[in-house]
Amino acid sequence: MKAIKFLAGSVLIGASILSSCTKPTAPQAEVKDYTHVSQEKLDFLGITDVNHLSAASKRALDWPDSLTNEWFGEFSVHDLKGDLAYEEGVVRRDPSALLHVDGKYYVYYSKSVGKTDGFGGDIENDKVFPWDRCDIWYATSEDGWTWKEEGPAVLRGEKGKFDDRSVFTPEIMEHEGKYYLCYQTIKSPYDVRTKNQVGLAWSESPNGPFKKLEEPILSPANNGVWKGTTQDRFLVEKKGDFDSHKVHDPCIIPFKGKFYLYYKGEQMGEAITFGGRQIRHGVAIADNPLGPYVKSPYNPISNSGHEICVWKHKDGIMSLITTDGPEKGTVQFAADGINFNIMASIPGAPHAMGLNRELNNNEGFGIFGWGLTHKYVNYDYQHIRRFAGKRKTSHKAKNEQTAKQAKATR
């Protein structure tokens, strides 16, 4: 009996030895050496002992040297004059980037009338969101302050079309003398599980007429599964891709011989994470501005964000990430238009920014010199305003400069 037990024990020990010889061991965490860091960098960061580093100090030492204050600044917002001043009972929101053609600035925006009723009433006839039952209008200005509303640029489609309920949140692109408007669309009825799409219209003049494409150029992913039939967008059996519910805020940028359509994705069963709403950005790419647009296999290309605000910067694309997610309030850069990395924090950026890309001199904060945004007067009504941005490179206490100057004159 003892012999049998000894034999069995030997087999177990042998198996254990064999297992330890053949099973790969987990890699050891790399211990990084910070003793090579320059004294200048240590002094700038206020770190005096590289042998006793907190996790925060290690992160600071790992920051790339390219992180400068060229993107840091402050914003102010101002009321407009003329037809874009606040008008009771009217919604004007989501201004596009600005065009400057023949001495005039052009802006395109969502416009609707009447209060918002939400989803508790007659969905077929009520207005469920401020951006419901919108058409896309445009206005012009010679100075960027006083605006004249010129009329509709793109109207809702006929009943039964994919855009029959609302066309909204436009963005404008000029390319080789033609003008392209992309925008969100909704088909009736508009309930909380409705999936929207992206439409496109083009013209040979910023004044139109704009010719709409018959079919959408972008749709949500079709791999999520709702749970039950109750109109509840948080009940899902499978969430699907990051854009399985909605594709919002489209913006097309000509880039490296192709056309990059950036957009915000909303997921079925959207969660609240440690950074807020679970919203991310994606991109679809085409060889022609009219499409077809193919979603990048690398989507999503952000961990955060809300409205799309992108522009060309040097040899790549910059993206301002606002409002939602753990990386909100940052500006990010991608040399290839896809792989974005954080460049700086941008505190207090206005929402739904319509950039004045004419100011883009590839020198950081200059792109934010002035542009348009919108303001919620209340949940029912919004209007368009003008923002101004100013780079900030230092901080002084009240009257600090005055005191310094007074001392110098004694």
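So, here is what we can say about the structure in this document. Note that the structure is a prediction, hence the values are computed from the model and not measured.

## Some details on the sheet that holds strand β24 (residues 370-376)
For sheets, the rule is that strands pair by backbone hydrogen bonds, running either parallel or antiparallel. Across the sheet, 3 strands lie side by side as β1-β25-β24; this open sheet has antiparallel pairing. Looking at strand neighbours, the two that pair on one side only are β1 (73-79) and β24, the edges of this open sheet. On average, each strand axis in the sheet is tilted by 40° relative to the strand beside it, whichever way the strands run.

## So, the pattern of salt bridges
As enumerated under the stated definition, the model contains 19 salt bridges in all. Between K115 and D117 there is a salt bridge, with the nearest N and O atoms lying 2.4 Å from each other. Overall, the relative accessible area of 32% leaves D117 in the partly exposed class. The salt bridge involving D249 is made with K264; its shortest N-O contact spans 3.6 Å. In this pair, D249 sits in strand β14 (residues 246-255) while K264 sits in strand β15 (residues 258-266), placing the two residues 15 residues apart along the sequence.

## Overview of unusual backbone geometry
Generally, phi is negative for residues other than glycine and the peptide bonds are trans, each holding for most cases. Between G291 and the following residue, P292, the backbone shows a cis peptide bond with an omega angle of 5°. Within the fold, P292 resides in the loop between β18 (279-286) and β19 (294-295). Residue K256 is not a glycine yet carries a positive backbone phi of 55°. Here K256 lies in the loop between β14 and β15. Using a relative accessible area of 60% as the deciding quantity, one classes K256 as exposed. With a phi close to 55°, K314 is a non-glycine residue in the positive phi region. Structurally, K314 can be placed in the loop between β20 (310-313) and β21 (316-321).

Definitions and limits used
- Residue numbering note: each chain is counted from 1, following its sequence as written.
- In view of the model being predicted, local features appear only for residues whose pLDDT reaches at least 70, and side-chain atom pairs are presented and counted only at 80 or more, with totals across whole chains, interfaces and linings using the full set of residues.
- Hydrogen atoms and water are omitted, and side-chain values are computed over all heavy atoms in the structure.
- Two strands qualify as a pair provided that DSSP identifies no fewer than 2 bridges between them.
- Think of it this way: any DSSP run of H or I at least four residues long counts as a helix, any run of E at least two long counts as a strand, and we number them from the N terminus.
- Between N-to-C directions, angles cover 0 to 180 degrees, with each direction set by a line fitted to C-alpha atoms, over the stretch in contact for helices.
- Counted as salt bridges are all cases of a side-chain nitrogen of Lys or Arg within 4 Å of a carboxyl oxygen of Asp or Glu.
- In this scheme, a residue with accessible area under 20% of its type's maximum is buried, one over 50% is exposed, and one in between is partly exposed, where area comes from a 1.4 Å probe on protein chains only.

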